[in-house]
Structure formats: C-alpha cells, structure tokens
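Below are the chains, spelled out letter by letter.
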Amino acid sequence: MDNFSSLPLILYAGNYNGRNYGKYNGKLHFHDGMELVFIKCGSCINRTPEGEYPSRAGDLLVIPPQLKHQQVDQEYVETFFVVFETTGIRARQPMHVVTADGDPLVGCWMEQILMLYRKRRLKECNFLLAALLQHLTHAENNLEEVADYPERFRFALDYLAAYPGETVAIGEVARKFSYSTTHFNALFHRYFGKSPSAYREQLRMSLARKLLLNTHEGIAEIGQLCGFPTAHYFGKVFRRTHGISPREYRSHRTFYWAKIDEDAAAYRLTPWDS
C-alpha cells in the first residue's frame, strides 16, 4: 500500500490547440488532482483568484488541486496537459510557472505521457510522470520545500497524507504534534480555508479514487482502507463529494471533470466528453 500510495496516478492527459485569441477558452474550472500544462507554442494567461500567471512556449504551469482557473489565449496556443493524483508536500504547492525552455526532456516527456495515455498504457504513464516530477524537483532546487508552513504543522500534514485511512481522532493527531485542538483547527483554516476533518476527508477521497481506478478491491474494502467503517457511509461521502457513487465512478473508467456552474456556484463531476 505504501509504495502504491507514493506514486502519482494519472487521471487524464490531453492536448489543446487554441484559436480564441484574447477570449476565455472555457468556464472557470478546477480539478481534484494536480495539473501540469506544458506550453508547446504561443502564449497565454491563466487567471485564478490568486492572480494572473502569464506563460509562453517552453513554460510549464503547475496548478494545485481544486484551484479555480481559466486560460486566456494571447495568440494561437498549443499545450500538453496531465491531471493526476498525488499526496504529501507536492500536493500543497502553490500555483507557479516553471521555465523549462532549453530543457528538452520536459516537453518530450509530456508528449510521451499523452501518447502512452491514449494507448491506455497507464502504468508506464505513471512511472514516466514520476520521473518527470523528480526531474522538475532537481531542476528547481527541491521544489517540494514549502517554507510558509511551521515545521511541526508540516510534519502533521505529512502524517495525515501518509495515513489517510487511520481512524484516530483529529484531536489526537493535534496532540501528537503538540498542538491544542483550537490551534490546530486555526492553522488549517489559515492555510487551507477548511477544518482538519475536511482536509483529511479530501485526502481520503483522493485515496479512494486511486483504489477504485487501480485495484480490484471491493467497495466496502476500499471504504475501510480509506477510514470509513461501513460501505454505506463511504458511499454517502463519496456521492456528496463527486455527485456519483463509487461503483459508478469505477465503472465509467474515464476522467471526470469538475465543472463549476458560475450561476449556481455549485459543481458536479461530469464525463470529459459531455
């Protein structure tokens, strides 16, 4: 389980050819997984609540999970992109642009990941993605460092990411790292805008999606591995998060895109082709 959990898991890979100069290419959206976008040619701006991120040919955008964003073309644009599940400090990186111009491996590997994905050679996709992430880490002088988090809090986050299925109470986790429950809760709201319980539930849902797509375990067994005592409770939380049941998610076996209804301010997971 530990080795499996440490590997990234590709949810979707694709390419984009943009011709909508100066216009939004789509609605504001986000993904449950992290996204890498390589700009093959042209230039564009990604707009988020945190600011604007200009990028040009040779750049790689790193977009964290659940960050709302829109791409605006400045000219004709071609991109390769991949959305994947990951855990630990890497999943908590802020959005940023990596200047990969002059590094032929980044664009080459992104294109090869897409080719492997389209051939449904998913294991090779995941290993090549892991190699790409490691390459980027070295290129950026240990990109995974997150200096803004207090050290004890970072250890607590790593603990939750490593053991999302543990049923230990959040208060006990706080005490394990010498925090009061009140202070622990305040830190999560400060950095993530949610409670520790909601943060752990997000990790559990991430693990659940991995297990549903990549193992043959039963629904009840997956629920227990993710910290849910019954299949009914697991199904209830999964449906509340994704809008579909675990069985439906597994049987569809395609990437589900989190769309935001700008009028209703609500989202549901819908198939990519819809």
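The structure we're discussing is the one just above.
Let me sum up the structure you'll find in this document.

Cut-offs used in this document
Residues numbered from 1 in each chain as written. Predicted model: local features only at pLDDT ≥ 70, side-chain atom pairs only at ≥ 80, totals over all residues. Heavy atoms only, no water. Core = buried A, V, L, I, M, F, W, Y, C linked by side-chain atoms within 4.5 Å. Buried < 20%, exposed > 50% of the residue type's maximum accessible area, 1.4 Å probe, protein only. Helix = DSSP H or I, 4+ residues; strand = E, 2+ residues; numbered from the N terminus. Contact = heavy atoms within 4.5 Å. Axes fitted to C-alpha atoms, helices over the stretch in contact; angles between N-to-C directions. Parallel < 35°, antiparallel > 145°, perpendicular 65-115°, else oblique. Nonpolar A, V, L, I, M, F, W, Y, C, P; charged D, E, K, R; others polar. Pairing = 2+ DSSP bridges. Salt bridge = Lys/Arg side-chain N within 4 Å of Asp/Glu carboxyl O.

Some thoughts on the nonpolar core
Residues Leu-36, Val-82, Leu-129 and Leu-132 are the most contacted members of the largest nonpolar core, which totals 36 residues. Within the residue set of this core, elements represented by two or more residues are strand 1 (9-18), strand 3 (34-41), strand 6 (59-63), strand 8 (77-85), helix 2 (104-118) and helix 3 (122-139). Examining the composition of this core, we find that seven residues originate from one element, helix 2, more than from any other. When residues no more than four places from it in sequence are discounted, the contact partners of Leu-129 are Pro-8, Ile-10, Leu-36, Val-82, Phe-84 and Ile-113.

Re the packing of helix 7 (residues 196-214) against helix 9 (residues 231-242)
In contact at an axis separation of 11 Å, helix 7 and helix 9 are set at 100° when each is read in the N-to-C sense. Taken together, the axes of helix 7 and helix 9 lie roughly perpendicular to each other. Listed contacts from helix 9 to Glu-201, Met-205, Ala-208, Arg-209 and Leu-212 of helix 7 are Phe-234, Val-237, Phe-238, Arg-240, Thr-241 and His-242. Among the residues making up the contact of helix 7 with helix 9, the classes are represented as six nonpolar, two polar and three charged.

Examining the pairing of strand 5 (residues 51-56)
Bridging between strand 4 (residues 43-48) and strand 5 involves six bridges; their strand directions are antiparallel. Looking at strand 5, one finds that Ser-43 is bridged to Arg-56.

Some details on the sheet that holds strand 7 (residues 70-73)
Read from one edge to the other, the open sheet built from three strands follows the order 5-4-7, with strand pairing classed as antiparallel. Single-partner strands in this sheet number two, and they are strand 5 and strand 7. For this sheet, the mean inter-axis angle between neighbouring strands, taken without regard to orientation, is 25°. In terms of strand pairing, strand 4 meets strand 7 through four bridges, oriented antiparallel. By the bridge assignment, Arg-47 is partnered in strand 7 with Gln-70.

Side note on the pattern of salt bridges
In a structure, side chains of opposite charge can pair up when their charged atoms sit close to one another. A full pass over the atoms with the stated rule returns six salt bridges. Lys-40 is paired through a salt bridge with Glu-78; the nearest N and O atoms lie 4.0 Å apart. One end of the pair, Lys-40, is in strand 3; the other, Glu-78, is in strand 8, and 38 residues separate them in sequence. By relative accessible area, Lys-40 is classed as partly exposed at 42%. The salt bridge partner of Arg-239 is Glu-248, with a shortest N-O separation of 3.7 Å.

Quick notes on the sheet that holds strand 1
Judged by pairing direction, the sheet is antiparallel, and its five strands sit side by side in the order 1-8-3-6-9 without closing on themselves. Looking at which strands have only one partner, the edges of the open sheet turn out to be strand 1 and strand 9 (96-99). Across the sheet, the mean angle from the axis of one strand to that of its neighbour is 20°, orientation sign disregarded. Along the sheet, helix 2 makes contact with strand 1, strand 3, strand 6 and strand 8, crossing strand 1 at roughly 110°. Packed on one face of the sheet, helix 7 meets strand 1 and strand 8 and runs near 90° to strand 1.

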